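Structural overview
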Amino acid sequence: MGASASRKLLPVLLIVALLAIGLVAADASAAETRVTFTFRPDGRPGTVHLAGSFNGWSTSQDAMADLDGDGIWMITLALAPGQYQYKYVIDGGTWKEDPHAAASVDDGYGGKNSVVDVPDGAEELAVGIGEGGGGAAAESAPAAAPASASAGGAVPVRFVFEAAAGSNIYVAGSFNDWDPGRDRMADDDGDGVYEWRTELAPGRYEYKFVKDGSWLTDETAAEFADDGFGGKNSVLYVPVASPEGGVVAGAGGGSAAAPAAGGGEGLKQVTFSFQPVIGGVANVFLAGSFNDWNDSKTRMSDEDGDGVYETTLLLAPGTYQYKFVVDGTWLTDEAAADFADDGFGGRNSVIAVDASYEDVSIEEGDGEMMTGDLAIALDYSTVNPLSEEAIEFKARAHTGDVEHVQLLYAVDGGGEQIVDMLPEAEDVVYTYYRAVLDVPVSSTIRFAFDYVDGGVHFFAAAGGFASGKPAAGEMFVYSPETVPAFFTPDWAKNGVFYQIFPERFRNGDTSNDPDFTEPYYAGANTLPASGKTNGEYFHLVTQWENIGGLQRSPYRTDGKPDYYSFYGGDIAGVTEKLDYLRDLGVTIIYFNPLNQARSNHKYDPMDYLAIDPHFADDATFKTFVREAHARGIRVVVDMAFNHTGDWHFAFIDGREKGRESKYWNWYEWKRWPLPDGPIPNPLDYYDCWWGFGIHPNLNYDLSRPNAQENAITDIADAKPNEALVEYVLSVADRWLGEFDIDGFRLDVPNEVPFWFWRLFRERVDAVKPDAFLIGEIWGNAMPWLGPRCFHSTMNYKFFRDPALKFFGQGIGTAADLDRDLAPGRSVYPKQAVQVMMNLIDSHDTERFLTLAGNNDRRLMLAALFQMTYVGIPQIYYGDEVGLRGGKDPDCRRPFPWGWEESPKRTAIHDYYTAVTGLRHAYPALRTGAFHTALAEGKVYAYVREDEANRILVVLNNDPGAMEITVPVAELGFGDGDRFADELNGGAAYEVAGGDIAISLEGLTGAVLVQQ
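What counts, and where the lines are drawn
Residues numbered from 1 in each chain as written. Predicted model: local features only at pLDDT ≥ 70, side-chain atom pairs only at ≥ 80, totals over all residues. Heavy atoms only, no water. Buried < 20%, exposed > 50% of the residue type's maximum accessible area, 1.4 Å probe, protein only. Helix = DSSP H or I, 4+ residues; strand = E, 2+ residues; numbered from the N terminus. Pairing = 2+ DSSP bridges. Axes fitted to C-alpha atoms, helices over the stretch in contact; angles between N-to-C directions. Parallel < 35°, antiparallel > 145°, perpendicular 65-115°, else oblique. Left-handed = near helix turned anticlockwise from the far one by under 90°. Contact = heavy atoms within 4.5 Å. Nonpolar A, V, L, I, M, F, W, Y, C, P; charged D, E, K, R; others polar. Phe/Tyr/Trp six-rings, centres within 6.5 Å; stacked < 30°, edge-to-face > 60°. Lys NZ or Arg CZ within 6 Å of the ring centre and 35° of its normal.

**Focus: the pairing of strand β20 (residues 268-274)**
Every second residue of β20 is oriented toward a common face, the buried set being Lys-268, Val-270, Phe-272 and Phe-274 and the non-buried set Gln-269, Thr-271 and Ser-273. Pairing analysis gives seven bridges linking β20 to strand β23 (residues 309-315), with the strands arranged antiparallel. Across the sheet, the residue bridging to Gln-269 is Leu-314, located in β23. Sheet topology note: the β20/strand β28 (residues 358-359) ladder contains two bridges and is antiparallel.

**With respect to the packing of helix α8 (residues 796-808) against helix α12 (residues 856-868)**
Across the interface, α8 lies against α12 with an axial gap of 10 Å and an inter-helix angle of 140 degrees. Overall, the two elements α8 and α12 adopt an arrangement that is oblique. Remark: the crossing between α8 and α12 carries right-handed chirality. From α8, Phe-799, Ala-803, Phe-806, Phe-807 and Gly-808 reach across to α12, where they touch Arg-858, Leu-861, Ala-862, Phe-865 and Gln-866. Here the contact of α8 with α12 is composed, by residue class, of seven nonpolar, two polar and one charged.

**Description of the packing of aromatic side chains**
Enumeration according to the criterion identifies 86 aromatic pairs in this entry. A centroid spacing of 5.9 Å and a plane angle of 55 degrees characterise the contact between Phe-754 and Trp-784, whose relative ring orientation is tilted. Taken as a pair, Phe-754 in helix α7 (residues 754-767) and Trp-784 in the loop between β44 (772-775) and β45 (792-793) lie far apart in primary sequence, 30 residues in all. Classification of Phe-754 by relative accessible area gives partly exposed; the value is 22%. By way of ring pairs, the aromatic residues Tyr-608, Phe-641, Phe-649, Tyr-663, Trp-666, Tyr-700, Tyr-727, Phe-744, Phe-756, Trp-757, Phe-760 and Phe-790 are connected into one cluster. Sitting above the plane of the Trp-95 ring, Arg-552 keeps its charged end 4.7 Å from the centroid. Seen from the ring of Phe-615, Lys-602 lies directly overhead, with NZ or CZ sitting 5.5 Å from the centre.

**Side note on the environment of Pro-502**
One can find Pro-502 in the loop between β38 (497-500) and β39 (539-540). Separated by 92 residues in sequence, Pro-502 and Leu-594 place their C-alpha atoms 7.5 Å apart. With residues up to four places along the chain from it excluded, the contact list for Pro-502 reads Gly-569, Asp-570, Phe-591, Asn-592, Pro-593, Leu-594 and Phe-615.

**A short note on the sheet that holds strand β50 (residues 950-956)**
Taken in spatial order, the six strands of this open sheet run β48-β49-β50-β55-β52-β53, and their pairing is antiparallel. Edge strands, defined here as strands with exactly one partner in the open sheet, are β48 (929-936) and β53 (987-990). Across this sheet, the average inter-strand angle for adjacent strands is 25 degrees, counted without regard to direction. Relative to strand β49 (residues 939-945), β48 runs antiparallel, the two being bridged by seven bridges. Within the sheet, the bridge partner assigned to His-931 lies in β49 and is Val-943. Here α12 sits on the sheet in contact with β49, β50 and β55 (1004-1010), set at roughly 25 degrees to β55.

**Some points on the packing of α8 against helix α9 (residues 814-826)**
Where α8 meets α9, the closest approach of the two axes is 9 Å, and the angle between their N-to-C directions is 175 degrees. In terms of orientation, α8 lies roughly antiparallel with respect to α9. Listed contacts from α9 to Phe-798, Phe-799, Pro-802, Ala-803, Lys-805, Phe-806 and Phe-807 of α8 are Ala-814, Asp-816, Leu-817, Asp-820, Leu-821, Pro-823 and Gly-824. Here the contact of α8 with α9 is composed, by residue class, of ten nonpolar, one polar and three charged.

Pasting the structure below:
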């Protein structure tokens, strides 16, 4: 009996868009007026929402649309007669008055709310810019925007979902900011059919249903889109016009999909094209969600010389975002059919790969093999020295394309041998194969991969794929020189990370609290007479528990949060809580930057070698490190080497002296002198990180512009800025040597020249050979892993994203999770996998608990998964006591000391302590082998084992209780083998008939240790 056999759900969706002029939903009041709001914002925002007294001032409920691209955003609401206040919300944070409003009132924050009066008896009303570009209101909608055909005319939409009576059903989507707990569906007559009604402007929307905390795709939708977590969102198109009777989607209707959209199974051939506006282009690359946004991986070429650069990819059906990278400059494809906010004030292009694209035929046993996207390199993803006496070989093929894979090899000039490579993991596109040879790491091995299908052999060697067996000179050659041994620190493999945003953890020394008397705060440390400012206002929050400003600043009138507040956290506070951290099971503290800087986040350093005096002086920090080490806790510190702050001593000297400064070429200046005061567009004057003037980019390579530095791998191809390089390298001397910390987390390392990291690794190894280096790479980090670069990466792609989707949001199945995780155990070397920083949230993300709908049990189940999976679990400070938080800066709330007074926080803390204790108790949970035992429905079970222990972990991610049967015979367990659940009081279990049967409550797990 499978784990999900007793809990099957067949969701049914019916969405009806009623478009006839004058037609209203059956439950609408006859007295309501259709009010059309029109607004022309400055620039080209990504989103515009209407917020007001009619929707609880929600910043995400009522999305406006500009579907014809004329810069005028519109929405139509049905409002009862009365007076309403409102504002427009730009890109989720900037609040704007309506300049054409007939009246306004004080908003309580030093600004104004716009006012609209909806008269009794009016059928329609226009508010805002109106047809002629002015006027506060009219008694009919603008002629250019009739309700039934306008891009801005709202359309009644009804969502319908079938489920058992008594369920909690919500609809979440792009129309409500994916809020899983706001728009609840109702089953008023108790027939199991849940409904929710709204009005949407014509356009494309993505959505899911949220049933009892689990996110469900509407599988009857006619179109789907990649949800960014390896699953699917359902897609709804609200058209400008529709057939009489409305548009039906779901339940097999399918008419809510775009005309060109369709299904499509398997891979598709997708060609991307780009034509530069000017000539003289040297390099064009394609970067997107399909290649981890790598700006130097997918080169586009103009082979026929017609000026059009092209590349063809093999992609699974779904939605992808992308940009072109032209000589280092990222460009949006303006010819794309759709766009998405890129998170930096610009747009990504969007492509929907569907049935209209040509299929790629893949079939096992047909004597053919798809090799176009299987480039094989001689690196750690292919051959990896595991120890002094074992070497691992890895290959991949499209799933279902070949019958088996063999390794063809010869050791130290000996005879040719063949060994089968066994399938180790599988994702939605590839199957990964592995073989381990018990040979000395000092060997020289010639090898090739032999893919066999339908009796036909396809050989992959140094020259690529070929049908004939390669000669000795054509094979890959492994040696200690070509692929040096890569080992990672043992202490890291056994670690538990705890990330601290130092300004918000604990204030242990009030005497060093920020007083903002430094010159870089001049003019930004006091409020005007009104007590309000939408500019910089640096200040200390004197009440540690006061978090209101992190959601909406009391000093601003635009509704934005407070990015400039300080709470006084310091190193003395962390020292006070070292015993707390030790008792929690923490063995590695990871600090966000400690450098002196103007901001509270410190990613704008004034000097890489200086600690911020509001955190500690040198002596205090050295004492802290000694105290941490005495408790078995290592210390890792964040460094951002791509950019400094605009108050860095070198930048200030260059700004003041121009070319006379000895630091002038440390930055890439475009105009000098700089103006006094704020610079409207810093990029006009100097190169800076994503256009943020407080982050001037460092100029490592004097032979090319900054935008072209990053992809240079060989220092021989660069002209290193020697003085700058030596200054940055001296960070290792100062922090590892003098302060005795144990490693670095490197911020945005993909935006630093690749050749630099080899120099940095050499310096680090010379100062402290067992130091630990972690890079912040959000995608596939393989190019940065190895003895010449980093040991590890923040594991967003192969841990955080899948874990958040499955455990946090209940999206997808355990099989989906297993496929999403699998590449992370295969594409990286095993020793790097063991030290991956497995996070579920951080200072750059919303809190896991908040994204999980504040469901404590989902957080605790994710923590159990962290502590029992391969890699180093990372606790973001406060997660262990249920700290919540939205987007930056709300995810950086002060730690809630006094948590012991809350039973809920205490329960979460006790659970974290229990699961970290299990990890420390059993080395198999840290460095043991991993085998999937069951991935069915919402149940995920796996075995971790070493020579001492075999441990079965079973996770029930369903909100309801489950009777689970885990097949374990194929993993080597026999009838009569006994286990004890070390997480839940030692309950006993025994293998019978090759299975283990276990009952688990919803959103709980078990850790069964073989006795």
